[in-house]
Amino acid sequence: MADEKKGILYTMLTYTIWGFLPIYWKLLDHVSSDEILASRIVWSLILTVAFIVLLQGRKMLLGDLKELWKSKKKFFTLMLASYLITLNWFLYIFAVTNDRIVETSLGYYINPLVSMLLGVIFLKEKLSPAIKFAFVLAAAGVAILTVSYGTLPWLAFGMAFSFAFYGLIKKTIKLNALRGLALETLFVMPAALAYYVYLFAAGKASFLHSGSSTDILLVISGAATALPLFLFATGAPLIPLYMVGFLQYIAPTLMLILGVLVYGEEFNRINVISFSFVWVALAIFTASKVIEARSVRKGRLNSQH
């Protein structure tokens, strides 16, 4: 039970950090989204590798890389995953720095439903009637929002789908979370460094040109990436999967509160109606998952007696 409490604490802390991260990116809204992304990649790799070395995991990291290289399919699949999560980061940073935090919260609210949809399509998973109904409700909510916007909320969809496809790939490749992050970042590092070379050559780089506070914030962006992932990797295995699913709504809820109450983004009656459809869908989705997990656990206990 002590382990489960620790798992809940670490996982809640992870989602709380992710929920408050828009404040951090807002401090960098004078820097272009693409430079923030490049900086995040460079410094998160440096920090993650340093942390792995401190934990004496250098040999394991090299072992993971050799093992991946033996299976070219796994190697290039993980490379695809690294570019998908990079796309997700870019859309998220772009949305936050362009006053669209409410849309980021929508993206992360609909993400678990998109993940379930991909599970049906690619892993041939079965949907219960309750989850089918949840899909219909969520689709109705998004449709209402699309009609009111006059355009599809593409940032929300981009974040939800890129993260869901990333999660789908990660299901097929089992890697230690911290070393996995280092390898994923390593794949996109050449592109990030090449982009930084271009920025400096063109005189467009904010790093080293916009004051020490900007430089410090860009460097710490590595920690802002690595720390919550490390906490998640520590906490999530200690608690049931349905509980991880339930706790993940902390992040988009905090983002929504920040967007509306702190940064004054619009949240009108149409938003309330459409988000309500999504919230009810998520409540049904989560409840069905909890019931499913409990019946599986009960079945295991009965088979043991």
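Residues numbered from 1 in each chain as written. Predicted model: local features only at pLDDT ≥ 70, side-chain atom pairs only at ≥ 80, totals over all residues. Heavy atoms only, no water.

Draft legend 1. Region of the structure containing the confidence of the model for the protein. For the protein, the average pLDDT comes to 90, and 99% of its residues sit at 70 or higher. In the model of the protein, helix H10 (residues 241-247) stands out as the element of lowest mean pLDDT, 79, in contrast to helix H11 (residues 250-262), which has the highest, 95. (pLDDT = per-residue confidence, 0-100. Helix = DSSP H or I, 4+ residues; strand = E, 2+ residues; numbered from the N terminus.)

Draft legend 2. Structural context of a positive patch on the surface. A contiguous patch of positive charge, built from Arg294, Arg297, Lys298 and Arg300, is present on the exposed surface. Turning to its location among the elements, Arg297 is positioned in helix H12 (residues 269-304). (Patch = residues over 30% accessible without salt bridge, like charges linked within 9 Å, V, L, I, M, F, W, Y side chains within 5 Å. Areas by Shrake-Rupley, 256 points an atom, 1.4 Å probe, with all protein chains shown as cover. Salt bridge = Lys/Arg side-chain N within 4 Å of Asp/Glu carboxyl O. Lys, Arg positive; Asp, Glu negative; His and termini not counted. Charge placed at Lys NZ, Arg CZ, Asp CG, Glu CD.)

Draft legend 3. The arrangement of the packing of helix H5 (residues 101-123) against H12 in detail. Running from amino to carboxyl end, H5 crosses H12 at an angle of 35°, the nearest separation of the two axes being 11 Å. The handedness of the crossing between H5 and H12 comes out as left-handed. Counted together, Val102, Ser105, Leu106, Tyr109, Ile110, Pro112, Leu113 and Met116 of H5 and Asn271, Phe275, Val278, Trp279, Ala281, Leu282, Phe285 and Lys289 of H12 form the full contact between these two elements. Looking at the contact of H5 with H12 residue by residue, the class counts come to 13 nonpolar, two polar and one charged. (Axes fitted to C-alpha atoms, helices over the stretch in contact; angles between N-to-C directions. Left-handed = near helix turned anticlockwise from the far one by under 90°. Contact = heavy atoms within 4.5 Å. Nonpolar A, V, L, I, M, F, W, Y, C, P; charged D, E, K, R; others polar.)

Draft legend 4. Region of the structure containing helix H6 (residues 129-149). Across its 21 residues, H6 extends 30 Å between first and last C-alpha, which sits within 8% of the 30 Å expected from 1.5 Å per residue. Taken as a whole, H6 has its buried residues at Ile131, Ala134, Phe135, Leu137, Ala138, Gly141, Val142, Leu145 and Thr146. On the buried face of H6, the contacting elements are H5, helix H7 (154-172) and H12. In the stretch just after H6, Gly150 is the one whose phi turns positive, near 85°. (Expected span 1.5 Å × (residues − 1). Buried < 20%, exposed > 50% of the residue type's maximum accessible area, 1.4 Å probe, protein only.)

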